[in-house]
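Listed here are the chains, written in short residue letters.
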Amino acid sequence: MSLFPDIVAPQAIAAVLPFDGGGHVYSYLVPPTLTGKIQRGQLVRVPLGNSTRLGIVWGMATQAPAEISPHKLKAILQLCQETPVLSPDLPELISWMAGYYAAPLNAVLEAVLPGAVRQGVRLVVRKKLLLTRKLDEADLRKLRRRAPKQAALYDFLAIQMTAVDRAATLKGLSVGATACDALIAAGIVAEESEQVSRDAYEDDLGESEFVAAEAPVLNPGQQTALDAVLADLATGKFRAHLLHGVTGSGKTEVYIGAIRSVLEHGGSAIFLVPEVALTPQTVGRLRARLADTGTRVVVWHSHLSAGERFDAWMAMARKEARLVVGARSAVFAPLPDLRLIVVDEEHEPSYKQSETPLYHGRDVAVYRTRLNNAVALLGSATPSLESLANTRSGKYGLSRLLTRIDDRAMPALRIVDMRRELLHMRGQTVLSRPLVDGLRVRLERGEQSILFLNRRGFSRMMICPDCGFVAGCPHCSIALTYHRTDQTLRCHACAHVEAAPASCPQCHSPKIRGRGTGTQKLEDVLRELLPDARMMRLDADTMGRKNLFRQVLADFRRGKLDILLGTQMLAKGLDFPNVTLVGIVDADLSLHIPDFRAAERTFQLLVQVAGRAGRGDRAGEVFVQTFTPEATPIQCARRSDFDGFLQDELEQRQTHGYPPARHLIRHLFRGRNEDKVRFFAEGWVRFLEEHAPGLVEVRGPAKCPLERLQDNYRWNAWYFTDRVTSAVARIQELRAGFVFDPGVVDTLDVDAVEVG
Ligand code: ADP
Ligand code: ZN
Ligand code: ZN
């Protein structure tokens, strides 16, 4: 990569960013022993203050900074390993993120570089030797004469009671590896390796038994889309490309074709998915279909141990593995020669990180491909308005796949008006007659159904009909959720748990009970209505148990279950050919949240969820229960009218100046004393408007919809701007000159997704 001078001349000076060094880059001399060996991205040990630190070579310089005379510079103490732990583009990416997302440089570095790599963890597989067969006198004499080194090792092992460390023993006895291996080959000595970590490339995510390794012949739409991406790749320049393909249109085949081309040309690629555990089929498919390229596929997921993380990271850095599949943070894979980043389901809010640095995985992917003159391929059945706007302005290319593979029918969407249905429902108010009838038909035909309800737990809240008491979280301003299985009340915003009361804490009425419907309650209602159905519930409560989750999905796929019920997480990418009914129990839940993206989220949810139906040979049917059937996103989803929804929603956003019309920055202020939080939020906004009038359009400050979270009161201000980079930089400057009370913490969230 010619952008970066990798290797430097003798007497060079290196800029190093030490960990925990306050986020400053310092200059160090490259000592003669390391001349010519220091490269950008390497892990080194340097002196800092009175101690030493590990850090990253950030760049090279030929001259020391003017204010320091070169002979005062300290030298790098140690090069921890030759292979750079960051590919050459990453320091620049990290610096950009620190600026764009208004985050400290070391916070970004920490998000990029796994702890195991930062600490230089290296797991060596320790090999041990053990004598397994005694030689008789004659053989031993022969061995002594013929191969004295082997005999020396034999003699040593013969007096050991246990296995000994191979490396230490050979070194101590001055015996070579060949002699040792000869004894092993003769069956006299056994070698055991102490397996410190399991192989990070192999895991049980592949579900390979369901994977067809054969490549289908692309249909004309797929071929056109793939050709467009290949043409982008061939330019050797930065290109971003949106693949808008309805559910089941075969987007994954286009991704695979592009990745294959990159691998065959010696490049490397990143494949981002919203959540690895939910995409086992995709992982299996990639592995099976790309096996012939000889590339190892790293699956980067949250369950890797420190050792596995280290091994996988270094394998990528050394180009031993050239494809990584993972969620958000896989965008930082240290792959040299990065040619392509695929972002599947690019509209997913889970790509946005929820702690500092508050980066968006998709946007970082696009910037990183820009740095590498590479291609970003964003795919979705329901692209974000941001990405669509970028195709309209010509910044991104666009390919569309508007029909399903083999022209399978798009599932028919049936809108169930719950205002009318409620009049006819008996004994329960959860499932309408058409939905129940639909489920019965599926059971008779031996087909499968999925029901979605975006609320876990049993009921939404516990309420006393006598005095109106609602059980709330003592730390947050929301109602607690009743979980019947363990008789608890839980806060879904913080981790608070308490026992569910048997009588009202306020008026002691025994009538206190749960109201509203959660996934647990839905399960009860279903079991009553359809006692013969085999069903399982999947939500964040069961999700915590990793194996259970996989087991349930595997059982469902094998036809051991008739009905799967769960939260929205089930909408992501799952592909079950035998599912012919999908029910959305309460479509209004996402429509009435205080978020300017509420309509977009509802539309996406309906289209994605509907996409889970009818993926096999039989057509699917989707039931949407709602009290507001006339709402635009519901109507547009019913007609699969993507462009209609887009037009309407873009106009709304334009009118109100929301993204994608402009960038949106959220400034969050929080603290335990509400008066202080409010005082400083208001004071800051006045200060900002006074010192930088017109820099941004300010709305607020005001209380957040979630006023209190984990005992902190929360206020926020919104900044709207066309020029986000310069606005953030100026706000940061001003922010440094404004003194907040230590009890008030403020955070800038650039391109905020979370608005609660
Ligand atoms: P999407 O990601 O757009 O929802 P997928 O890529 O998962 O769709 O494809 C849906 C199904 O169609 C998969 O089972 C896939 O194996 C199959 N498929 C994809 N392309 C073709 C093709 N050209 N011919 C036959 N089957 C295909
Ligand atoms: Zn009461
Ligand atoms: Zn709480």
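Residues numbered from 1 in each chain as written. Chains lettered and ligands numbered in written order. Predicted model: local features only at pLDDT ≥ 70, side-chain atom pairs only at ≥ 80, totals over all residues. Heavy atoms only, no water.

Looking at the packing of aromatic side chains
This structure, assessed with the given rule, holds 20 aromatic pairs. With a centroid separation of 6.0 Å and 80° between ring planes, the pair formed by W96 and Y101 is classed as edge-to-face. Take W96 and Y101: they sit in the same class, and that class is buried. Summarising the aromatic geometry, the rings of F556 and F576 are spaced 5.0 Å apart at their centres and angled 80° between planes, so their arrangement reads as edge-to-face. Remark: F576 occurs in the loop between strand 24 (563–566) and strand 25 (579–584) and F556 occurs in helix 18 (residues 546–557); sequence separation between them is 20 residues. One exposure class covers both F556 and F576, and it is buried. Cluster of aromatic residues (ring-pair linked, three or more members): F669, F679, F680, W684, F687, F738 and F740. Taking NZ or CZ as reference, R699 lies 5.5 Å from the ring centre of Y658, over its face. Seen from the ring of F720, R699 lies directly overhead, with NZ or CZ sitting 3.9 Å from the centre. (Phe/Tyr/Trp six-rings, centres within 6.5 Å; stacked < 30°, edge-to-face > 60°. Buried < 20%, exposed > 50% of the residue type's maximum accessible area, 1.4 Å probe, protein only. Helix = DSSP H or I, 4+ residues; strand = E, 2+ residues; numbered from the N terminus. Lys NZ or Arg CZ within 6 Å of the ring centre and 35° of its normal.)

Notes on the site of ligand 1
In the region of ligand 1, 17 residues are neighbours, and V217, Q222, G248, K251 and R285 sit closest. K251 has a polar side-chain atom sitting 2.9 Å from an oxygen atom of ligand 1. Alone, ligand 1 offers 560 Å² of accessible surface; in the complex the protein occludes 76% of this. When residues of the shell around ligand 1 are assigned to their parent elements, the largest contribution, three residues, is made by helix 9 (residues 251–264). (Near = heavy atom within 4 Å. Polar contact = N/O pair within 3.5 Å; in protein donor to acceptor, adjacent residues only side chain to side chain. Areas by Shrake-Rupley, 256 points an atom, 1.4 Å probe, with all protein chains shown as cover.)

Digging into the pairing of strand 14 (residues 375–380)
Counted residue by residue, strand 14 has six buried out of six residues, so it is predominantly covered. Burial of strand 14 is two-sided: the residues V375, L377 and G379 facing one way and the residues A376, L378 and S380 facing the other way are all buried. Bridge count for strand 9 (residues 239–245) against strand 14 is six bridges, and the pairing is parallel. Bridging across to strand 14, A240 finds its partner in A376. By the bridge criterion, five bridges tie strand 13 (residues 338–344) to strand 14 in an arrangement that is parallel. (Pairing = 2+ DSSP bridges.)

What to know about unusual backbone geometry
Here the bond from T356 into P357 is cis, since omega is -5°, no more than 30 degrees from zero. Within the fold, P357 resides in the loop between strand 13 and helix 12 (361–371). Here the residue pair G700 and P701 is connected by a cis peptide bond, since its omega of 10° sits within 30 degrees of zero. Of note, the phi angle at N373 is positive, near 50°, even though the residue is not glycine. Secondary-structure assignment places N373 in the loop between helix 12 and strand 14. For N373, a relative accessible area of 38% gives the class partly exposed. Even without a glycine there, the phi angle at D751 is positive, about 55°.

Function-wise, these values are silent; they only describe arrangement.
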